[in-house]
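In case you want the letters, here they are:
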Amino acid sequence: MFDWLIVGAGFAGSVLAERIASQRGESVLIVDRRNHVGGNAYDRFDKAGLLMHQYGPHIFHTNAKSIFDHLSKFTAWRPYEHRVLAEVDGQLLPIPINLDTVNKLYGLSLQEEDVEAFFASKAETVPEIRTSEDVVVSRVGRELYEKFFQGYTRKQWGVDPSQLDKSVTARVPVRTNRDDRYFGDTFQFMPLDGYTRMFETMLAHPRIKVMLQTDYRDVRDIIPHKRLIFTGPVDEYFDYRFGRLPYRSLAFEHVTLEREWHQPVAVVNYPQTQAYTRVTEYKHLTGQVHPHTTLTYEYPRASGDPYYPIPMEANAQLYKRYEALARATPDVWFVGRLATYRYYNMDQVVGQALATFERIQSGVPSTARQPEMVVA
Ligand code: FAD
Ligand code: UDP
């Protein structure tokens, strides 16, 4: 009999497995239906010997020192500040939109103090900012919105930004200076030996057993356990009782080129052309020195593995019904991006897992309402 069965060996499941085993001394069986640990953050060396991310680029960034410190127990880090260019009107321009983006796009030579007035002259008045369109047009106007956001968002999510919650495009800031970093967080790093190695270190505890290629649905009745942590899709746990929660999927095309470099930065976004949204070149992230280079092209899909919860009102309503079921299920904790249907970054999932552990430690039942979690 295991004290705990944990479904999913991604950030949510692995962080909790380690805490429970090392701090409570209880036994944990962690199962994952994939053939590896790490969830969507899994990385591996490909045939050419290049370290790549099987499920698209993962860059660690956080403002929460406690989260950075926690993960630092399991990995050393490589400082890395992420930079992204967008191909717009045939040029490669910095995204987030900044002073250089505007100057290069329009052939201007605005200074930092001019650009706020430039945005203000273009911005549309939006009485209440509700959607992903509102966020951008109210800040930089319709033209920049159409060039940088509308096409990309339609491709990525399969709906127009006017149908999506404001939180989606609000992830990308607008800057009036020349800062071309994608994230503004205090801590920006890549795990020195990769994510998978970090997960292996986290799970290398004698009280943790890992079973891969094992679907919870096949073993739930045959593996005796006292309590359960579920980090898969919440609608799947409840056999889609209220219908399917929509998740956005991606197809990844991994390509190795027999030349040293392909593009000037780790990620190039394609908001106006191509069926793919972005191209990632891993050597920029990993710092690996190699005569060849591996890239990933991301093609958004309506079906396939669930990667993104889709932040729209109707989906939030449907999720609330599942959340109510989850709260009525004793001794089962729902944690992570799929199980709580939140568009969380890695640090937020780690924060949610650590907060869940604190609740377990203080004897709060799994059926108690979870406080809203905000990190970053
Ligand atoms: P997951 O990593 O999805 O892990 C859940 C695991 O549960 C999976 O391995 C799955 O196989 C397993 N599972 C599900 N159901 C079952 C079942 N029935 N039985 C057995 N196993 C099951 N975040 C960042 O901070 N920075 C980034 O740059 C970044 N880039 C991203 C790029 C892409 C393309 C994607 C899709 C996400 C990105 N993220 C990024 C988000 C990051 O991937 C997530 O925040 C994090 O991986 C979520 O961890 P999790 O444990 O909640 O879920
Ligand atoms: N986005 C966009 N154009 C870009 C970059 C982002 O329209 O060049 C929008 C798009 O809707 C995207 C969202 O902003 O899904 C969030 O971007 P982020 O890079 O955070 O997406 P993720 O890395 O989570 O896929």
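A brief look at the structure comes next.

Reading the values: rules and limits
Residues numbered from 1 in each chain as written. Chains lettered and ligands numbered in written order. Predicted model: local features only at pLDDT ≥ 70, side-chain atom pairs only at ≥ 80, totals over all residues. Heavy atoms only, no water. Buried < 20%, exposed > 50% of the residue type's maximum accessible area, 1.4 Å probe, protein only. Helix = DSSP H or I, 4+ residues; strand = E, 2+ residues; numbered from the N terminus. Pairing = 2+ DSSP bridges. Right-handed = clockwise from strand over helix to strand, strands pointing away. Near = heavy atom within 4 Å. Polar contact = N/O pair within 3.5 Å; in protein donor to acceptor, adjacent residues only side chain to side chain. Areas by Shrake-Rupley, 256 points an atom, 1.4 Å probe, with all protein chains shown as cover. Nonpolar A, V, L, I, M, F, W, Y, C, P; charged D, E, K, R; others polar. Phe/Tyr/Trp six-rings, centres within 6.5 Å; stacked < 30°, edge-to-face > 60°. Contact = heavy atoms within 4.5 Å. Axes fitted to C-alpha atoms, helices over the stretch in contact; angles between N-to-C directions. Parallel < 35°, antiparallel > 145°, perpendicular 65-115°, else oblique.

1. A word on the pairing of strand S2 (residues 28-31)
Then, number 1: Burial of S2 is two-sided: the residues Val28 and Ile30 facing one way and the residues Leu29 and Val31 facing the other way are all buried.
Then, number 2: Sheet topology places strand S1 (residues 2-7) next to S2; four bridges connect them, and they run parallel. Looking at the pairing, Trp4 lines up with Val28 of S2.
Then, number 3: Assessed by its sense of winding, the connection that carries the chain from S1 through helix H1 (residues 11-24) to S2 is right-handed.
Then, number 4: Bridging between S2 and strand S10 (residues 208-211) involves four bridges; their strand directions are parallel. Residue pairing across strands places Val28 opposite Ile208, the latter belonging to S10.

2. Points about the site of ligand 1
Then, number 1: Around ligand 1 sit 34 residues, and of these Asp32, His58, Ile59, Tyr344 and Met346 come closest.
Then, number 2: Within the backbone of Arg337, one N or O atom sits 2.9 Å away from an oxygen atom of ligand 1.
Then, number 3: With respect to ligand 1, the backbone of Met346 contributes an N or O atom lying 2.8 Å from an oxygen atom.
Then, number 4: Across the complex, the protein chains shield 96% of the 1,000 Å² of accessible surface that ligand 1 would expose by itself.
Then, number 5: Of all the elements in the fold, those that place two or more residues in the shell around ligand 1 are H1 and helix H12 (346-361).
Then, number 6: Among the residues making up the shell around ligand 1, the classes are represented as 16 nonpolar, ten polar and eight charged.

3. Quick word on the packing of aromatic side chains
Then, number 1: Tallying each qualifying case throughout the model produces 30 aromatic pairs.
Then, number 2: Arranged with centres 6.3 Å apart and planes meeting at 80 degrees, the rings of Tyr55 and Phe252 form a pair that is edge-to-face. Taken together, the residues Tyr55 in the loop between strand S4 (51-53) and strand S5 (60-62) and Phe252 in strand S12 (residues 247-257) connect sequence positions 197 residues apart. By the burial criterion, Tyr55 is buried, and Phe252 matches it.

4. Let's talk about the environment of Ser72
Then, number 1: Secondary-structure assignment places Ser72 in the loop between helix H2 (65-71) and strand S6 (77-79).
Then, number 2: In this structure, the C-alpha to C-alpha distance between Ser72 and Trp157, residues 85 residues apart in sequence, is 34 Å.
Then, number 3: Looking at Ser72, its side chain comes within polar contact range of the main-chain oxygen of Phe68, at 2.6 Å.

5. Regarding the sheet that holds strand S8 (residues 91-95)
Then, number 1: The strand order S8-S7-S13-S14-S15-S12-S16 describes an open sheet built from seven strands, whose pairing is mixed. The open sheet has two free edges, formed respectively by S8 and strand S16 (308-309), since each of these has just one partner strand.
Then, number 2: Along the sheet, helix H3 (residues 99-106) makes contact with strand S7 (84-88) and S8, crossing S8 at roughly 155 degrees.

6. Side note on the packing of H3 against helix H6 (residues 142-157)
Then, number 1: Where H3 meets H6, the axes come as close as 13 Å, and the angle between the chain directions of the two elements is 95 degrees. With respect to H6, the element H3 is oriented roughly perpendicular. Together, Thr101, Leu105 and Tyr106 of H3 and Glu143, Leu144, Lys147 and Phe148 of H6 make up the contact between the two elements.
Then, number 2: When grouped by side-chain class, the residues that make up the contact of H3 with H6 number four nonpolar, one polar and two charged.

7. Brief notes about unusual backbone geometry
Then, number 1: The amide bond that connects Ile95 to the next residue, Pro96, takes the cis arrangement and shows omega of 0 degrees.
Then, number 2: In this structure, Pro96 sits in the loop between S8 and H3.
Then, number 3: Notably, Gln213 is not glycine yet its phi reads approximately 50 degrees, a positive angle.
Then, number 4: For Gln274, which is not glycine, the phi dihedral falls at a positive 75 degrees.
Then, number 5: Secondary-structure assignment places Gln274 in the loop between strand S13 (267-269) and strand S14 (278-281).
Then, number 6: Given the relative accessible area of 43%, Gln274 is considered partly exposed.

8. Focus on the site of ligand 2
Then, number 1: Taken together, 16 residues are adjacent to ligand 2, and Thr153, Arg171, Tyr182, Tyr308 and Tyr343 come closest.
Then, number 2: A distance of 2.8 Å separates an oxygen atom of ligand 2 from a polar side-chain atom of Arg171.
Then, number 3: In this structure, Tyr308 approaches ligand 2 through a side-chain N or O atom, which is 2.5 Å from an oxygen atom.
Then, number 4: Alone, ligand 2 offers 520 Å² of accessible surface; in the complex the protein occludes 94% of this.
Then, number 5: The element best represented in the shell around ligand 2 is H6, accounting for six residues.

9. Examining the side chain of Thr153
Then, number 1: Topologically, Thr153 is positioned in helix H6.
Then, number 2: Overall, Thr153 belongs to the buried group, its relative accessible area being 5%.
Then, number 3: Not counting residues within four places of it along the chain, the set of residues in contact with Thr153 comprises Gly158, Val159, Pro161, Leu164 and Thr169.

Structural measurements only, silent on function.
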